[in-house]
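Coordinate inspection notes
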Amino acid sequence: MSAAPSNTAAFASESTGNPAAPPPAEDSVQDGGDAIDTFSSYVPTALPQCIVDVLLSGKSCIDTISNKDVTTTASQEAQEIIELSDTEDDSSVLEIIVHDVNDTTKKSANNSHDATTKTTYDTISNAQETEISPLNTIVQSHTSPAVESALLSSVSAPPVPNAAAEVVLPLVQEGKLSPLQAEGVCLAVNRFRRVFTASNNNNAGGVRAGFFIGDGAGIGKGRQISGTILDALSRNHGRGRHLWLSVSRELVQDAKRDLSDIGCHVDVHDGAEVLDQMSGGKKAKGLGAGASLGKGVLFITYSLLVSGKRVEDIIHWLANTGSVIGKTAEKDRERTQLEKSYSGCIVFDEAHKAKNLEQDTRTAKLVLALQERLPNARVLYCSATGVSDIKHMVYATRLGLWGSGNPLYPTFDTFNRALSKRGVGAQEMLALEMKRKGIFLARTLSWDGAEFHTMEVRLSQQQIAMYDGAAPLNPTVRWWSNVKGELDSATTLVGTPKLLWRAYWSAHQRFFKEMCICSKVDEVVSQAKQYLESDNHAIVIGLQSTGESGMETALEELAESLAAKTGKKAQQIDFEEINLAGLVSTCSSIMANFVRNHFPVATPPADPIKIPPIPPNGFASEADRIEFARLSDLSERIKNEPPPPPLPQLVKKRNQLLESILDLSLPPNPLDELIDRLGGADNVAEMTGRSGRILRRRNGKYKYVKRFGGPSKQKSFALSAPVSREDEQDRLNIVEKRKFMEGKKSVAIISDAASTGISLHSDKRCQSGHKRRVHFTIEAADKAIQQLGRSHRSGQTTAPIYKMVVTELGGERRFASAVSKRMASMGALTKGDRRAASGSDLSEFDIDSTFGKRALARTCNALLEQPHSTPARNTNDILDKFIALAESADPKMKSDDDKRALALTVASKSLNEIGMASGDRTVKKFLNRIAGLDVARQNLIFSLFMATLDDVVSDAKATGEFEGSVEDIRGRVTLKGKPEVIAMDTSCAATTELTRLVLDRGISFDCMIQTIIQDQSDNEDSKDDRVKSNEEVDEEGQHCKSGFYLSRRKIAGRYLVMFAKRKNELEDAIESDLIDPLKLMIITRPNTGKNPCEMASEEMRFKYKLLLSVDEIKNLLRTANSNDSLSGEEKKSDAEELPSEIEDSIRLIREKWGATVADLWDDAYDNSNYKDHHDGLAPRISEVGLITGAVLHILPSLEKAVQFLPPSQRALRVMRAEISDSGERIVGIKYPTTTAALERLMLGMKAVADARQGSLDVPSFVDETLPPVDNKSKNWATAERKTMKSFFGAKAQPSKSSACIENSSIALTKRKEPGSSLMTPSLSAKKQKSNSGVAKANSSITSFFGKKD
């Protein structure tokens, strides 16, 4: 496969003065690399030196939260233990072995960390890793192993001064924060020092910077939030008032627990009650309206934020603007000044809830309004998925990436446009820069021990017939086609109502999505029951939706039918009174709801007249007044006109369609069916957002049962009663969660609406902790990945088993392959590294991209134009497979080319049938609509589309257009000179540098053999039994063998040798014909290493012949090993055996295939050791330039500069290199090092600077000095408040379930200001004296007063 010349060729041509580069060779490739495919163990590199010193020296080893004493004896001076209680596991202990540390090392490190100049913290050039502290090899960062993506581990967060750790240090000493959590708090505190001073913001006093915690589940975001709030309280920021927003009211208990666990005992006000008091609500009188709400933390939900005028109440409480009475201009200025001076914390927990500003949601608007009204507030964003898409970061205005913090991007739109068109590489580059600037952290628990499986649901012939419409009882596909035809007929009579076809395709999509989910229930139930039989497993099933709306529609129909029989009104019949024959089908409800509400039976009414508003200054003339009156009168007459009468024939047709639904045998609601078949409500814990469900009674009959709320006639009166349906739902889900964790229920089903904040892992503190979790993911969506953290958290006894359940419908297998790889990478989406541990570049699975749109356009144009043509190369296998299926139904079909032409005709008609022949063609629309085709045609069209996408991506790689994700530069890398500073980012004072690297891309024959052996040994257990089956598949000519190949003809005067490996091994693919329709092979050459462009098997057979297969190599080595074992020689240890085994293996292979393979490879490797083409070979040696450090500020200049470069050099790819000699890692944007390219870049930067009129030359920020800790404020915040129990010295007997669900004591007495006390000094002294003795066991309130049971 021909490709464009590499950057090296262009560099050599220009530097030597040659008029043109050599012609491209078959083996010419772009300088690329392997996807960064691993996680790295996380080590805190930004901890203040004072914390490092304490952890290393073990100065203060204080009791942990779990009250476990640690004693140090004289013999233990060289080895001490610091206990760190886990975020969610009080029994987990972190042991730190402390060794002697060189004092000079600590001294020099201390000097470097104590620097406090404002430019130090962001100035880290070249993205180089900071010097590794002795802490890294001694201290574990967290109670459970934590990791981050290997890409983010390539850069370090800036060091933090000791002053930022003044409050955090004692918490680390006492084991209340792990080093990993302490690093997050210290970075946030240090980041809050920065104030952006650019003149393009509405706040003349500046805007304070914010911080983003992107940690995954189990790291302890709650502890880090609490630590940040405690620091703000101790420094008297915000006058002791802070705001915490989250998604659920029940999470207020978690907030109280997290604050209490770190020793912060301030009031946590329930926002629903506090704001009700402030606004004079119904509870105000009973709770004491007008009473001082005092200081503390106000906890509210996003749903409460958008209700009424809560924002004003919140700001009044935070900034104390309610104390300013009056509406004069002077009073307004005073209130505005109070708002601008507020400096407390605003925490947006689960901040992604505010991401939809582009959809104009009220939540997003109010989140922005809070930040704008309180510009000096310390804003902390927390979300594990907050940076998954650049366009969803619009709420994070305080990060300094646009607006006042970055003059280069005045608005979010300019920032979004600049990065979105760069693809996933820009997203990863953004994550790198955010970490380097010290504004973002993203850690997650290690997934070691977790198992990931793709569970394929093979559809039976009955299910396929049911789906396709071949079964007379269930013609679903035919039903929708029939409805479409009837709609066309109806619209010719009465016209087309607005949004008719949008409603049709929406219902069409939801129906087939539900059908796809229903088809998985049987297999999920079967496997779940097998796991439950062992009594060593607990089941977790993840869904995205519950189908409640469809169920309610069906119940409303039944209520209307029952009302007609009984003479009652439908509204008078409670759903719980209806006797049901079985579970309700939500698929049926979707059909009926569409026909009833959208099938046209009459002419659409006339559109209402738009009446212009009355001008504020009155009408300009009498004619304007008369026209206004005429339009008003006309509008009123149109409004009062009776609706057009329905046409009888259309009413009859609508009724026939409704009756036809009753003839279909459709599956029931999958959620209700799962509950019913897995033991009912007694065995299944449902944690969803729906209010009711259908359950089987003991008498075998089915009834609708409300999950919460009771009948509508029933009223509840109590101050403790939930204030909304959302609160009621949350509390029920918490009860269900407790029963599951206690082992009373063995199955848990969670939906997207209720999965936030719920822990379902095998917690060692719970009665079900010994049961390993088996987590089934039924819907293949990115949201499903977010649910996986519910069953994998710190403090678990065993890691879970994950099963991605997929079918062969609608291309779901291809999507599931991508999602399952992301499951294996766990968190790559949110961490800026989209591959992590998957071993594959997932950007190729991102089909809704620029290349996906291009592939769809090519597919539609080729199939819809006359004559039909194949949209991709090498599609004969796809067409032949469809023909084989069709022939089984119609043996009279013609042969060969006529058959393939007929298959293309079928594909063309199918695109017309699903409405893709005209209109807006989007990938999302295409994927949704092909679900309405029968299984065979779905697979045909989807396979053609994917083959076209493979061609598009392959062509883009060959031309250098494909940017993809961040790659590791392969080969031996050396530095060429010192990095050159080319710019400085005034938004953070960080430099931008050009680093020149010399790359040797070649791979020797010995290294190639070693790689082959290593690959085989890694998967030996799974592949040994498949060798024979692989050979059988190869004999069928379906997929080329992995092995060494030689070109069939001479290319540039010589035969070319290479190694080809299957991209998707048989055992790794669900269905190789759909996952990899072209049977792609990954190419490695002796002179250019691994080629980023794959080659299809059909093309490879045409161009190359097999010299030596991997199977032959394995057989040779297996025979040699067998002979060695029979010789009776004593085995050596693994460490001694591996090198010698590899050397022996290479020697055996060279002896047997030296002349046919090894010599050819060696010749190509040796004769390509040049910077230019030599002897018909592309060069091994090339020069690569990386722009490192701060790069976002010069991105517009880079984009302009590359437009003048050759097409092969226009891609701005983010790459990582590891210097071979030192191991130093460098991450940056690849850019040519030619003189012309660099001149273009300098001109581009000058043009951008001139356009900004010098605003880019002046620093746009100021770093304030950290205020000292106020002891009075700190003592007040950390002083434990008295409750009724603690006042009387009573202790409650802990219940068995107390370990499973966290309960926080609610203070019943009013909290006092610092220095106040509930007791007089004499009473306090007496109480301390009485408490100094031994406490009575099991004392309680009743025993305190001398009562007995």
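What you see is a predicted model, and the numbers here were worked out from it, not measured in a lab.

1. Comments concerning the overall build of the chain
For the chain, the count of helices and strands is 46 helices and 36 strands. Counting across all 1349 residues of the chain, residues that qualify as buried make up 54%. Restricting to contacts in the chain with at least 6 residues of sequence separation, those with at least 24 account for 77%. For the chain, the accessible area works out to roughly 59,100 Å², and carbon and sulfur atoms hold 50% of it.

2. What about the sheet that holds strand 16 (residues 579–580)?
Spatial strand order, 16-19-18: three strands in an open sheet with antiparallel pairing. A strand with exactly one partner marks an edge of an open sheet, and here the two such strands are strand 16 and strand 18 (692–696). Of the pairings in the sheet, the one linking strand 16 to strand 19 (residues 702–706) comprises two bridges and is antiparallel in character. Bridge assignment links Asn-579 to a residue of strand 19, and that residue is Lys-703. In the packing of helix 21 (residues 548–566) onto the sheet, the strands contacted are strand 16, strand 18 and strand 19, and the crossing angle to strand 18 comes to about 70°. Across the face of the sheet, helix 25 (residues 670–677) comes into contact with strand 18 and strand 19 while running at roughly 40° to strand 18.

3. Comments concerning helix 41 (residues 1195–1202)
Counting buried positions along helix 41 yields seven of eight residues, so the element is predominantly enclosed. Three or more residues of helix 41 are buried, namely Leu-1195, Pro-1196, Ser-1197, Leu-1198, Glu-1199, Ala-1201 and Val-1202.

4. Here we look at the packing of helix 18 (residues 476–494) against helix 19 (residues 500–518)
Where helix 18 meets helix 19, the axes come as close as 12 Å, and the angle between the chain directions of the two elements is 175°. As the angle between them shows, helix 18 and helix 19 are arranged roughly antiparallel. From helix 18, Thr-476, Val-477, Trp-480, Val-483, Lys-484, Leu-487, Asp-488 and Thr-491 reach across to helix 19, where they touch Leu-500, Trp-501, Tyr-504, Trp-505, Ala-507, His-508, Phe-511, Phe-512 and Met-515. Of the residues in the contact of helix 18 with helix 19, the class split is twelve nonpolar, three polar and two charged.

5. Some words on the packing of aromatic side chains
Overall, the coordinates contain 24 aromatic pairs when judged by the stated rule. Here Phe-926 and Phe-945 contribute two aromatic rings whose centre-to-centre distance is 5.1 Å and whose plane-to-plane angle is 55°, an arrangement assigned as tilted. Note that Phe-926 is positioned in helix 32 (residues 923–929) and Phe-945 in helix 33 (residues 935–959), a separation of 19 residues in sequence. The exposure classification of Phe-926 matches that of Phe-945, with both residues buried. Measuring from centroid to centroid gives 5.7 Å for Phe-1005 and Phe-1044, while their planes differ by 35°, and the two rings are tilted.

6. Notes on the environment of Arg-1101
As for its placement among the helices and strands, Arg-1101 is situated in helix 38 (residues 1097–1103). Taking the C-alpha atoms as reference points, Arg-1101 and Arg-1048, 53 residues apart in sequence, are found 9.3 Å from one another.

7. Focus on the pattern of salt bridges
A complete count under the given rule lists 52 salt bridges for this structure. Across the pair Glu-622 and Arg-625 runs a salt bridge whose closest N-O atoms are separated by 2.3 Å. Here Glu-622 pairs with Arg-625, and both are found in helix 23 (residues 622–640), just three residues apart, close to one helical turn. For Glu-622, a relative accessible area of 46% gives the class partly exposed.

8. Structural notes on the pairing of strand 22 (residues 801–806)
Look at any regular strand and the pattern is simple: side chains alternate between the two faces of the sheet. Across the six residues of strand 22, six count as buried, placing the element largely inside the fold. Relative to strand 22, strand 14 (residues 451–456) runs parallel, the two being bridged by six bridges. In the sheet register, Glu-456 faces strand 22, and the bridge partner there is Val-806. Pairing between strand 21 (residues 772–777) and strand 22: four bridges, direction parallel. When the bridges of strand 22 are listed, Val-774 appears paired with Ile-801.

9. Overview of helix 8 (residues 252–261)
The element helix 8 is extensively covered by neighbouring structure, given that eight of its ten residues are classed as buried. Packed against the buried residues of helix 8 are helix 7 (221–234), strand 7 (241–246), strand 8 (268–270) and strand 9 (296–301). The first or second residue beyond helix 8 is Gly-263, which carries a positive phi of 85°.

10. Considerations on the nonpolar core
Formed by 135 residues in total, the largest nonpolar core has its most connected members in Ile-51, Phe-348, Phe-415 and Tyr-1231. Of all the elements, helix 6 (residues 179–191) adds the most residues to this core, at seven residues. Formed by 67 residues, the second largest nonpolar core is a distinct cluster that contains Cys-587, Val-595, Ala-947 and Leu-949.

11. Things to note about unusual backbone geometry
That bond from Gln-866 to Pro-867 is cis: its omega, -5°, falls within 30 degrees of zero. With respect to the helices and strands, the residue Pro-867 is situated in the loop between helix 29 (850–864) and helix 30 (876–889). Backbone geometry places Arg-239, a non-glycine residue, at a positive phi of 55°. Within the fold, Arg-239 resides in the loop between helix 7 and strand 7. The backbone phi angle of Asp-535 is positive, close to 60°, even though this residue is not glycine.

12. Thoughts on the packing of helix 7 against helix 8
As a packed pair, helix 7 and helix 8 sit with axes 9 Å apart at the nearest point and diverge in direction by 65°. Crossing angle aside, the handedness with which helix 7 passes helix 8 is right-handed. Contacts from Gly-222, Arg-223, Ser-226 and Ile-229 of helix 7 reach helix 8 at Asp-258, Leu-259 and Asp-261. A per-class count over the contact of helix 7 with helix 8 returns two nonpolar, two polar and three charged.

13. A short note on the sheet that holds strand 17 (residues 684–687)
Note: strands within a sheet are paired through backbone hydrogen bonds, in either parallel or antiparallel orientation. A sheet is described by the order of its strands in space; here six strands give the open sequence 14-22-21-15-20-17, paired in parallel fashion. Each having just a single partner strand, strand 14 and strand 17 make up the two edges of the open sheet. In this sheet, neighbouring strand axes are inclined to one another by 20° on average, regardless of whether the strands run parallel or antiparallel. With respect to the sheet, helix 20 (residues 521–533) is in contact with strand 14, strand 15 (537–542), strand 20 (747–750), strand 21 and strand 22, its orientation differing from that of strand 15 by roughly 160°.

14. Things to note about the environment of Thr-363
Following the sequence through the fold, Thr-363 ends up in helix 14 (residues 362–373). Residues Thr-363 and Tyr-302, spaced 61 residues apart in sequence, show a C-alpha to C-alpha distance of 6.7 Å. Every residue in contact with Thr-363, bar those within four places of it in the chain, is listed here: Tyr-302, Val-306, Lys-353 and Ala-354.

15. Re the pairing of strand 35 (residues 1225–1230)
Of all the six residues making up strand 35, five are buried; the element is thus mostly covered by neighbouring parts of the structure. Hairpin connection from strand 34 (residues 1214–1218) to strand 35: six residues lie between these consecutive antiparallel strands, with Gly-1223 at a positive phi of about 80°.

16. Description of the environment of Ser-791
Its place among the elements puts Ser-791 in the loop between helix 27 (782–787) and strand 22. Placed 574 residues apart in sequence, Ser-791 and Ala-217 show a C-alpha to C-alpha distance of 9.5 Å. Sequence-distant contacts of Ser-791, defined by excluding residues within four places in its chain, comprise Leu-760, His-761, Arg-773, His-775, Gln-796, Pro-800 and Tyr-802. Side chain to side chain, Ser-791 and His-775 meet in a polar contact 2.9 Å long.

17. A few points about the confidence of the model for the chain
The predicted model of the chain averages 74 in pLDDT, with 71% of residues at 70 or higher. Across the chain, element-level confidence peaks in strand 11 (residues 378–382) with a mean pLDDT of 95 and bottoms out in helix 1 (residues 7–16) with 32. Note that residues 711–723 has pLDDT below 50 and, in this model, 16 contacts with residues that lie over four places away or in other chains. Here residues 1292–1349 is modelled with pLDDT under 50, and outside its nearest four sequence neighbours on either side it reaches 60 contacts, counting other chains as well.

Cut-offs and rules
- Residues numbered from 1 in each chain as written.
- Predicted model: local features only at pLDDT ≥ 70, side-chain atom pairs only at ≥ 80, totals over all residues.
- Heavy atoms only, no water.
- Helix = DSSP H or I, 4+ residues; strand = E, 2+ residues; numbered from the N terminus.
- Buried < 20%, exposed > 50% of the residue type's maximum accessible area, 1.4 Å probe, protein only.
- Contact = heavy atoms within 4.5 Å.
- Areas by Shrake-Rupley, 256 points an atom, 1.4 Å probe, with all protein chains shown as cover.
- Pairing = 2+ DSSP bridges.
- Axes fitted to C-alpha atoms, helices over the stretch in contact; angles between N-to-C directions.
- Parallel < 35°, antiparallel > 145°, perpendicular 65-115°, else oblique.
- Nonpolar A, V, L, I, M, F, W, Y, C, P; charged D, E, K, R; others polar.
- Phe/Tyr/Trp six-rings, centres within 6.5 Å; stacked < 30°, edge-to-face > 60°.
- Salt bridge = Lys/Arg side-chain N within 4 Å of Asp/Glu carboxyl O.
- Core = buried A, V, L, I, M, F, W, Y, C linked by side-chain atoms within 4.5 Å.
- Left-handed = near helix turned anticlockwise from the far one by under 90°.
- Polar contact = N/O pair within 3.5 Å; in protein donor to acceptor, adjacent residues only side chain to side chain.
- pLDDT = per-residue confidence, 0-100.

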